[in-house]
Amino acid sequence: RTESSWTARQATRSKVLWLLIFAGSAQSLVGTGVAFQQVSIMTSKDLSIGAAAGVFGIMAPTAIAGQFIAGYLASRIPVRCLVAAGQVGLVVAMLMLLNTTELWHAYAYGVVLGAVQGYLMNLNQIVWPTYFGRTHLGSIRGVANFGTMSAAAVGPLPLALSIDLSGSYTIGLIAYMVLPPLCGLAAILAGKPGRPSR
């Protein structure tokens, strides 16, 4: 079929762009926030620094697996539905981290978060040409990446505030579980890819 190509001006005037930027914010915000504080969170649960750092080694290969899964599904299921489904994985990962008390809990959390991160990272590459075409993809991605990077910059703040104000990471992790469902809703509300208004 003929590809529908949007200009950056047309895209920024559409609510679809802003819904998709918001839909992608949870992965950046939660992923960055946890990456900064993961060792501290796990040592607060009486795990060793070495064990906590070892979780990063598990996340990398599972992220690759998540990317393959997203690539396989993207040609079969609407990308907005896949993005929404990925938000469930983020919530599950945060629940697992919140309830981590044993080393195997930490490793299981690493498997889930790594896979979800890779899955959503790949979908973030797919969603923009799917909705806006490839002709002006660079300029549109520039706008979208500003939103993604802004979310990543804010990411560590909830956990930092949580430990400062309450002496625990619990409130921050709960806050991380509130955002993904809202992002999933935004992805669904973006609707099917359409043509730009003239």
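From a predicted model like this one, the values you see are computed outputs, not experimental measurements.

We now examine the nonpolar core. Among the nonpolar cores identified, the biggest contains 52 residues, and Met 94, Tyr 109, Phe 132 and Leu 173 are the most heavily contacted of them. Listed by contribution, the elements that provide at least two residues to this core are α2 (15-23), α3 (25-43), α4 (49-74), α5 (79-98), α6 (103-132), α7 (137-154) and α9 (170-189). A per-element tally of this core places α6 first, with 11 residues. Apart from residues no more than four positions distant in its own chain, Phe 132 is found in contact with Ser 4, Ser 5, Trp 6, Ala 11, Val 16, Leu 17, Leu 20 and Ile 140.

Moving on, we come to the side chain of Gln 117. Relative to the helices and strands, Gln 117 is located in helix α6. Look at Gln 117 and you get buried, because its relative accessible area is 13%. Within the structure, Gln 117 has its side chain in polar contact with the side chain of Gln 27 (distance 3.4 Å). When near neighbours in sequence (up to four residues on either side) are disregarded, Gln 117 contacts Gln 27, Gly 31 and Leu 90.

The next subject is the state of the cysteines. With the rule as written, the count across this model stands at zero disulfides. Of all cysteine sulfurs, the one in Cys 183 lies closest to Cys 81, which takes part in no disulfide; the gap is 16 Å. On the basis of relative accessible area, Cys 183 is assigned to the buried category, the value being 0%.

So, about the environment of Lys 45. Summarising the element assignment, Lys 45 is placed in the loop between α3 and α4. Among the residues examined, Lys 45 registers a relative accessible area of 22% and is labelled partly exposed. Residues Lys 45 and Pro 181 lie 136 residues apart in sequence; the distance between their C-alpha atoms is 27 Å. Setting aside chain neighbours within four positions, we find Lys 45 in contact with Leu 97, Leu 98, Thr 100 and Thr 101.

On to the layout of surface pockets, then. Its boundaries defined by the atoms lining it, the second largest pocket holds a volume of some 160 Å³. Every element with two or more residues in the lining of the second largest pocket is listed here: α5 and α6. Considering every element that reaches the lining of the second largest pocket, the biggest residue donor is α6, with three residues. Per-class residue counts for the lining of the second largest pocket are seven nonpolar, one polar and two charged.

Moving on, we come to α9. Relative to the 28 Å expected for 20 residues at 1.5 Å per residue, α9 spans 30 Å between its end C-alpha atoms, a close match to the ideal helical length. Residues of α9 that are buried: Gly 172, Leu 173, Tyr 176, Met 177, Leu 179, Pro 180, Cys 183, Gly 184, Ala 186 and Ala 187. Against the buried residues of α9 lie α2, α3, α5 and α8 (157-166). Following α9 by one or two positions, Gly 191 has its phi on the positive side, about 75°.

Looking now at the confidence of the model for the protein chain. Summary statistics for the protein chain give a mean pLDDT of 92 and a share of 98% for residues scoring 70 or more. Averaged pLDDT values for the elements of the protein chain fall to 91 in helix α1 (residues 8-12) and rise to 96 in α5.

Inspection of the entire model under this criterion finds three aromatic pairs. Ring geometry for Trp 6 and Phe 132: centres 5.2 Å apart, planes at 90°, overall edge-to-face. With Trp 6 in the segment before α1 and Phe 132 in helix α6, this residue pair connects regions lying 126 residues apart in the sequence. Neither residue differs from the other here; Trp 6 and Phe 132 are each classed as buried. Here the aromatic rings of Trp 128 and Phe 132 are separated by 6.2 Å at their centres, their planes lie at 15°, and the arrangement is stacked. Placement of the pair is Trp 128 and Phe 132 together in helix α6, with a separation of four residues, close to one helical turn. No difference in accessibility class separates Trp 128 from Phe 132, as the two residues are buried. One aromatic cluster in this structure is built from Trp 6, Trp 128, Tyr 131 and Phe 132. Above the plane of the ring of Tyr 72 lies Arg 76, whose end atom (NZ or CZ) is 3.8 Å from the centre.

Cut-offs applied
Residues numbered from 1 in each chain as written. Predicted model: local features only at pLDDT ≥ 70, side-chain atom pairs only at ≥ 80, totals over all residues. Heavy atoms only, no water. Core = buried A, V, L, I, M, F, W, Y, C linked by side-chain atoms within 4.5 Å. Buried < 20%, exposed > 50% of the residue type's maximum accessible area, 1.4 Å probe, protein only. Helix = DSSP H or I, 4+ residues; strand = E, 2+ residues; numbered from the N terminus. Contact = heavy atoms within 4.5 Å. Polar contact = N/O pair within 3.5 Å; in protein donor to acceptor, adjacent residues only side chain to side chain. Disulfide = S-S within 2.5 Å. 1 Å grid on protein atoms, 1.4 Å probe; cavity = no way out; pocket = protein on both sides within 12 Å on 5 of 7 lines; lining within 4 Å. Points joined across faces, edges and corners; volume = space filled by probe spheres on them. Nonpolar A, V, L, I, M, F, W, Y, C, P; charged D, E, K, R; others polar. Expected span 1.5 Å × (residues − 1). pLDDT = per-residue confidence, 0-100. Phe/Tyr/Trp six-rings, centres within 6.5 Å; stacked < 30°, edge-to-face > 60°. Lys NZ or Arg CZ within 6 Å of the ring centre and 35° of its normal.

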